[in-house]
Each structure stands twice: as C-alpha cells, then as structure tokens.
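A closer look at the structure
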Amino acid sequence: MIALVTGASSGIGEATARRIAREPGAQLILVARREERLRALALDLGGEPLVIAADLTDADAPARIAQAVETWHGRLDLLVNNAGAAWRGTFGDTGWENVRRHMELNFDAQLRLTEALLPLLRASAPSAIVNVVSTAGRVSRANSGAYSASKFALAGWTDALHLEEAAHGVHVGMVLPGFVATEGFPQRELVDKRLTRWIVSTPEKVADAIMEAGPGGRAERYVPKPYWLGATARIVLPRAVRRVLGGGRIALSPTTKADADR
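Keep in mind that what you see is a predicted model, and the values were worked out from it rather than measured.

Here we come to unusual backbone geometry. Trans peptide bonds make up the majority, and among non-glycine residues the majority have a negative phi. Note the cis peptide between A125 and P126, where omega equals 5°. With respect to the helices and strands, the residue P126 is situated in the loop between helix 4 (91–123) and strand 5 (127–132). Note that the residue after V223, namely P224, is joined by a cis bond; omega there is -5°. Counting through the fold element by element, P224 comes out in the loop between strand 9 (220–223) and helix 8 (228–236). Positioned with a positive phi, E48 is a non-glycine residue whose angle comes to about 55°. Within the fold, E48 resides in the loop between helix 2 (35–45) and strand 3 (50–53). Backbone geometry at N143 places phi at a positive 75°, although glycine is not the residue there. Its place among the elements puts N143 in the loop between strand 5 and helix 5 (145–165).

Here the focus is the pairing of strand 6 (residues 170–177). Regular strands show a simple pattern: their side chains alternate between the two faces of the sheet. In terms of burial, strand 6 is largely enclosed, as eight of its eight residues are buried. Every second residue of strand 6 is oriented toward a common face, with V170, V172, M174 and L176 on one face and H171, G173, V175 and P177 on the other, all of them buried. For strand 5 and strand 6, the ladder comprises six bridges, and the chain directions are parallel. Within the sheet, the bridge partner assigned to A128 lies in strand 6 and is H171. Between strand 5 and its parallel partner strand 6, the chain crosses via helix 5, and the hand of that crossover is right-handed. Relative to strand 9, strand 6 runs parallel, the two being bridged by four bridges. Of the residues in strand 9, the one forming a bridge with P177 is V223.

With respect to the secondary-structure elements, S150 resides in helix 5. Taking relative accessible area as the criterion, S150 reaches 0% and is therefore assigned buried. The spacing of S150 and S134 is 16 residues in sequence and 9.9 Å in space, taken between C-alpha atoms. Discounting residues that sit within four places of it in the chain, S150 has contacts with H102, M103, N106 and F107. In this structure the side chain of S150 is engaged in a polar contact, spanning 2.6 Å, whose partner is the backbone oxygen of Y147.

Below, the discussion takes up the nonpolar core. Within the largest apolar cluster, 41 residues are counted, with the highest numbers of intra-cluster contacts made by L4, I29, I65, L76 and L117. Among the elements of the structure, strand 1 (2–6), strand 2 (27–32), strand 3, helix 3 (61–72), helix 4, helix 5 and strand 6 are those that each provide at least two residues to this core. Ranked by residues supplied to this core, first place goes to helix 4 with nine residues. Residue contacts for L4: discarding those within four places in its chain leaves I29, V31, I65, V69, L76, L78, L79, V80, L113 and L117. Counting 26 residues, the second largest nonpolar core, distinct from the first, contains A3, I12, L28 and L78.

Let us now look at the pattern of salt bridges. The tally for this structure, following the rule as stated, stands at 12 salt bridges. For E14, the salt bridge goes to R18, with nearest N and O atoms at 3.1 Å. Linking E14 with R18, this pair stays in helix 1 (residues 11–21), spanning four residues, or about one helical turn. When its relative accessible area of 31% is taken as the criterion, R18 is described as partly exposed. Counted as one network, the salt bridges with shared partners bring together E14, R18 and D44.

Turning our attention to the sheet that holds strand 1. Pairing within the open sheet is parallel, and its seven strands lie in the order 3-2-1-4-5-6-9. Each edge of the open sheet carries a strand with a single partner, namely strand 3 and strand 9. Going across the sheet, the axis of each strand differs from the next one's by a mean of 15°, ignoring polarity. Note: strand 1 against strand 4 (residues 78–81), three bridges, orientation parallel. The residue of strand 4 that forms the bridge with A3 is L78.

Cut-offs applied
- Sequence order sets the numbering: in each chain, residues are counted from 1 along the sequence as written.
- Residues qualify for local features only when their pLDDT is at least 70, as the model is predicted, and side-chain atom pairs are given and counted only at 80 or more; totals for whole chains, interfaces and linings, by contrast, use all residues.
- The side-chain numbers reported here are obtained from all heavy atoms of the structure, hydrogens and water having been left aside.
- A run of DSSP states H or I qualifies as a helix once it reaches four residues; a run of E qualifies as a strand once it reaches two. Both are numbered from the N-terminal end.
- Burial here depends on accessible area, computed with a 1.4 Å probe over protein chains only, as a share of the maximum for the residue type. Under 20% is buried, over 50% is exposed, and the range in between is partly exposed.
- Two strands qualify as a pair provided that DSSP identifies no fewer than 2 bridges between them.
- Here, the term right-handed applies to a crossover whose path from the first strand over the helix to the second runs clockwise when the strands point away from the viewer.
- Contact between two residues is taken to exist if any of their heavy atoms lie within 4.5 Å; hydrogens are not considered.
- Whenever a nitrogen or oxygen atom comes within 3.5 Å of another N or O atom, the pair is scored as a polar contact, on the condition that within protein one atom can donate a hydrogen and the other can accept it, and that pairs from neighbouring residues in sequence are kept only if both atoms are in side chains.
- Put simply, buried Ala, Val, Leu, Ile, Met, Phe, Trp, Tyr and Cys residues joined by side-chain atoms within 4.5 Å make one nonpolar core.
- A side-chain nitrogen of Lys or Arg and a carboxyl oxygen of Asp or Glu constitute a salt bridge if their distance falls within 4 Å.
- For helices, the fitted line uses only the C-alpha atoms of the stretch in contact; every axis is such a line through C-alpha atoms, and the angle between N-to-C directions lies from 0 to 180 degrees.

Bear in mind that shape data such as this cannot, by itself, settle questions of function.
As structure tokens, this is what we get:
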C-alpha cells in the first residue's frame, strides 16, 4: 500500500503515519511544512518514506506533490487529508477574514490536492481517500464558527465525492474527531476530571479510525464513538442542543490542531 498523509509532522498525522507503517509492504509519503520534523519521523519509521515539505495553500503545492508521487511510485492507494488548523474568535470580532483563512486551508487546500491526485487514485483502484473532518463539522459552537464552516463544507463534499468516485473504485470516507490530546493540546483540564475524561481521545485512536474509514471501507467514524449522539441530537433536538451549548457546557468541541500541523 502506498499512502500519502498530510499534516504528518505531528499529532494525528504523525500517529496515522506510524499506524500505516505497520501494514505489510506499506510505503509512505509524508507531507507537511516542517521538513525537519518529517525527516526525523521518516528516519524513525524506516523504509525510506518520501518526504515532501510543502504548504498546501501555496499555488503550486498540489501539482508539485502529484508530480513527486508519480515520479517515485506511479500509483497511490490511500490519501489521508489531515492537514488543518483553527483560529478561535467570534464572527463579530474576526469577520470574513477568519472564515477565509479557515476555508483556504481546511477546505480549499484539501480539494486542490485531491484534484491533483485523483487520476493516480483512479488508476490505482481499488483505492481510498480519508478526509479528517471534526465533530465541529456536525455541531457548531460559539467562537469557532469559521472552523465549523470549513469542516461542514468538507463533510458535505466528502459525501458527494464518495458517490461520484465509487464507480471509479475510489472509496471516500471521513473521520470526525472531538477532543484529542496532542503535543500542543494536552487537554489536561478535561483529562484530569472524571466527568469529562471520556470525551478526550488520542491521536492513535484517530489513526485506527482512519484505517477503518480508508482501507476498511467505512463511511465515517467518530472519535470517541459516542460523539455521534451529539450529531444526531443536533438534527432531532436542535433547540435543546443550542441551549446546552449556550450554557457553556463542554460538548462536541472541534479538534483544535496547531498551525504547525499544516
């Protein structure tokens, strides 16, 4: 299996690369901005992964990455669109500009890279794409509306892309993490409390879910799994969900990824 993981320099991306590396015959393509972190990971994993240092928002990034994959491997079995970031703030304070930069990285960059790699994925079918969305792509909270907008868009596009690409042998799944304890966001306040400990997961569990939503053929996975209840409640009991979220309780916060995970 030849797999490309974006945002591979830390957090969920790094855990996903490590998880894929355990698969027999797996060959990795690691993409992120921080080349030194990628090379350290590649050395640790062994097997000579292809390292591509790139900012996915750059105009030439998708074509450059696609060319490298074509030259080195000539095929692609799994694309994990994991790169992303979040900048908190109300719309009244941060305005359209905050929405624009979220869409540029969390939505536009994913589509542009997928477009560039889709011919390879089709030619390598059966193959898979996994988009790392967020519980914020189902339920919005105050101060993270721009992030939710980008993730709602990504979730909607993911469902449509699956329907379009199934005929070409390309499965498209999504993973929706909630709170995830990472290097930059240890979530100590939640982990230290028995009442909220259950809502915090690990990058390794998200990586397992990515494998289920990719090679495993699952449509979507929430991490932790009970988060699907919140997404369902948003549809069935929207007023109640608004009341709960408006009361400042902890529920369905997005996975906040450091800017370095791009």
